[in-house]
Amino acid sequence: MKKETKKKPVYGVGQNVAYMLGRAWREARRAIPTGIGIALTGVATNLTGLFIAPVVLQKVETSAPLPELLTTIGIFALALILLNALAVYLEVNTECINAEVRGNLVKDINEKACITSYPNTRNTDFRGQQSEALGYCGGTLSETQHIYVVLANIIKNVLGFAIYLFLLSELNLILAVVVVATTAVGFFINRYINGWGYRHREESRRLGKELSYFGRKAENIKLAKDIRIFGLDTWLKEIKEATVRAAEAFADRRERVYAWTCVVDTILLITRNGIAYLYLINLVLSDGLSASQFLLYFSAFTGFATWVTGILSDFSTLNKQSLAISVVREFLDYPEVFRFEGGVPIPKAESYELKLENVTFRYPGTEKNILENINLTVRPSEKLAVVGLNGAGKTTLVKLLCGFYDPTEGRVLFNGVDIREFNRREYYSMISGVFQDMSVLSVTVAETVAQSAEGIDIDRVKDCIEKAGLTHKIESLPKKYDTYVDRKVYEDGVEFSGGETQRLLLARALYKDGAVLVLDEPTAALDPIAENDIYMKYNEMSGGKTSIFISHRLASTRFCDRILFIKDGGIAEEGTHESLLAANGDYAELFHVQARYYQEGSDF
């Protein structure tokens, strides 16, 4: 089996650092100076702590007067208090500033997902990148915010390294080399050991997914009835407990491996500090090194290792953060299938013609054609019904007419112009639709219908609600058109039934008043009486518009000017309801089967 090659990031570390600094400069300009301030404050605090004990000890050695000794201690104490206060102030402000940049990235990711080409939304690679990109923007410690902390730490550690190196070079440069060597060896050994978790990340991720999955299922209100009726609670507990045991065993293996980092650190620490003690004690005995100097140099020696570790660790972290930021940037730069800028202006007309010209279509990544060599003209102001069995290609046909997909072969024409020539968003503005997948936000009824929070024409909202047959329901509610839809956000919201929601979305489509009206199974959740009510109003709703109506209930087709019966990826039959019944083909057979079902049902 061929080993899968790891995808190389599109952007390098330097490019990603420049990108994030650029965003900080444009969106939260204070982020850069405050980050530098944090670095300088950290170095100053460290140096103050380094010198306080040796200086005070030197005063004691020289028998300095008590007031001078207390004044020295007071100055250092005050300096530490002020520096720590400044550090806290800068860190709190920086966290808020950096969160603003991260928040803007989240906004950009969500906006990309909302406005991207429709085929991208069905692309598993796109959705995977979106999920991963959002994961890297998930909080204060996420890569897209914490990178500013790491950059500030790098500045701090490099400055501290340079200052401590200068101090040690005055004593013996070999000591600095020993510190760098032992610290680097320990860092890379520990990184390999700690990398065990990364190398086994798939197992960890799988166990985490299983725990999360069973937890979500146990809490899912939609499964509450099944859990009680079928006694699934015991089964779910057994599965979850088995997963917990597997996760605990994994954690036990991991911690046994990580224990070696403590062993390595202990050995290197004893080696490093032992060399320092021997060298400095020798200087005390042979050259008369004072106690205060001994303390200063030994503190500098041990502190120098901290700066070296910090530099190595921060650059390692920066590299990982760069990989994460590459994922975010690659998602934001994900190629668009459709034209969203420029393009041919949409022609202005009283009504519009839609045409499929030699259209063949198969979904990306598949080999089977869903539709094959379709030629169809939807005439201006025509009411067209598209019917057929499930999986025949009805919805796919409408997706092509709506511009959600481009055909694999052939063209879709809008008043004679290939829709690929238009700005696709402008083309969408010409279409009103109700689709099988319901999309309702937790906003008011009026806002749902108008799809806006401002400038709502309430009379028009009421008219559309009336045409959709939902007036009685809305008027019966205490807040009427200001009632919130569902209770996911607002406790006083109303949970509409499936049929009521479809009516609400139908009112939304009417409010938009697009030149082309598309209804994809708009009565699927309605009872026969409510369904008939919608049919009776269909002429009024679609008057003067080019309209396309998908249905699996053939009784609805009699209201349309023309009916297409889709079968095996092609147009098998077309005509009026009466002419298709007279032809006695597949349409007539299916119609009689459905009619018999309702007739037989009436005997029960």
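Details of the structure are given in the entry above.
Small disclaimer: the values here were computed from a predicted structure and weren't measured.

Cut-offs used in this document
- Residues numbered from 1 in each chain as written.
- Predicted model: local features only at pLDDT ≥ 70, side-chain atom pairs only at ≥ 80, totals over all residues.
- Heavy atoms only, no water.
- Core = buried A, V, L, I, M, F, W, Y, C linked by side-chain atoms within 4.5 Å.
- Buried < 20%, exposed > 50% of the residue type's maximum accessible area, 1.4 Å probe, protein only.
- Helix = DSSP H or I, 4+ residues; strand = E, 2+ residues; numbered from the N terminus.
- Contact = heavy atoms within 4.5 Å.
- Patch = residues over 30% accessible without salt bridge, like charges linked within 9 Å, V, L, I, M, F, W, Y side chains within 5 Å.
- Areas by Shrake-Rupley, 256 points an atom, 1.4 Å probe, with all protein chains shown as cover.
- Salt bridge = Lys/Arg side-chain N within 4 Å of Asp/Glu carboxyl O.
- Axes fitted to C-alpha atoms, helices over the stretch in contact; angles between N-to-C directions.
- Parallel < 35°, antiparallel > 145°, perpendicular 65-115°, else oblique.
- Left-handed = near helix turned anticlockwise from the far one by under 90°.
- Nonpolar A, V, L, I, M, F, W, Y, C, P; charged D, E, K, R; others polar.
- Lys, Arg positive; Asp, Glu negative; His and termini not counted.
- Polar contact = N/O pair within 3.5 Å; in protein donor to acceptor, adjacent residues only side chain to side chain.
- Pairing = 2+ DSSP bridges.

### What about the nonpolar core?
Moving on, step 1. Ranked by size, the top nonpolar core spans 36 residues in total, and within it V445, V449, V461, I465 and I474 carry the most contacts.
Moving on, step 2. At the level of elements, β3 (383-387), α15 (445-450), α16 (458-467), α18 (498-512), β7 (516-520), β9 (562-567) and α22 (586-601) are the ones that each hand at least two residues to this core.
Moving on, step 3. Among the elements that take part in this core, α18 stands out by supplying seven residues, more than any other.
Moving on, step 4. Discounting residues that sit within four places of it in the chain, V445 has contacts with I465, I474, K480, Y481, T483, V485, F496 and L504.

### What about a nonpolar patch on the surface?
Moving on, step 1. Judged by side-chain polarity, I36, L40, I155 and L159 come together as a nonpolar surface patch covering roughly 310 Å² of accessible area.
Moving on, step 2. Of all the elements in the fold, those that place two or more residues in the nonpolar patch are α2 (31-61) and α6 (143-171).
Moving on, step 3. Tracing the sequence through the fold places L40 in helix α2.

### Quick notes on the packing of α16 against α18
Moving on, step 1. In the contact formed by α16 and α18, the axes pass within 8 Å of each other and the chain directions differ by 130 degrees. Between α16 and α18, the crossing angle belongs to the class labelled oblique. Helix-helix and strand crossings are classified by hand; for α16 and α18 the assignment is right-handed. Judged by residue contacts, R460, V461, C464, I465 and K467 of α16 engage L504, A507, L510, Y511 and K512 from α18.
Moving on, step 2. Here the residues of the contact of α16 with α18 are counted per class, giving seven nonpolar, no polar and three charged.

### Here we look at the side chain of R329
Moving on, step 1. Here R329 is to be found in helix α12 (residues 291-332).
Moving on, step 2. For R329, which is buried and forms no salt bridge, the nearest opposite charge comes from D333, at a distance of 5.2 Å.
Moving on, step 3. Once residues lying within four places of it in the same chain are set aside, the contact partners of R329 are Y11, Q15, N16 and Y19.

### Digging into the side chain of T546
Moving on, step 1. When you line up the elements, T546 lands in strand β8 (residues 546-551).
Moving on, step 2. By relative accessible area, which is 0% here, T546 ends up buried.
Moving on, step 3. Here the side chain of T546 touches Y352 through a polar contact of 2.6 Å, landing on its backbone oxygen.
Moving on, step 4. Beyond its immediate stretch of four places on either side in the chain, T546 contacts Y352, V378, R379, P380, S381, E382, A515, V516 and L517.

### Side note on the pattern of salt bridges
Moving on, step 1. Scanning the model with the defined rule gives 17 salt bridges in all.
Moving on, step 2. Across the salt bridge formed by R379 and E382, the nearest N and O atoms sit 3.1 Å from each other.
Moving on, step 3. Given the relative accessible area of 44%, R379 is considered partly exposed.
Moving on, step 4. Residues joined by salt bridges that share partners form a network here, namely R23, E27, K107 and D108.

### Re the pairing of strand β1 (residues 354-361)
Moving on, step 1. Pairing of β1 with strand β2 (residues 371-378), which is carried by five bridges, proceeds in the antiparallel orientation. For L354, the partnering residue across the bridge sits in β2 and is V378.
Moving on, step 2. Across five bridges, the pairing between β1 and strand β4 (residues 409-414) is antiparallel. Its bridge partner lying in β4, K355 is registered against L413.

### Regarding unusual backbone geometry
Moving on, step 1. Within the chain, S381 stands out as a residue other than glycine whose phi angle is a positive 65 degrees.
Moving on, step 2. Tracing the backbone shows S381 in the loop between β2 and β3.
Moving on, step 3. Given a relative accessible area of 31%, S381 falls into the partly exposed group.
Moving on, step 4. Phi angles above zero are rare outside glycine, and K480 is one such case at about 50 degrees.
Moving on, step 5. A relative accessible area of 35% places K480 in the partly exposed class.

By themselves, these observations are geometric and do not establish any function.
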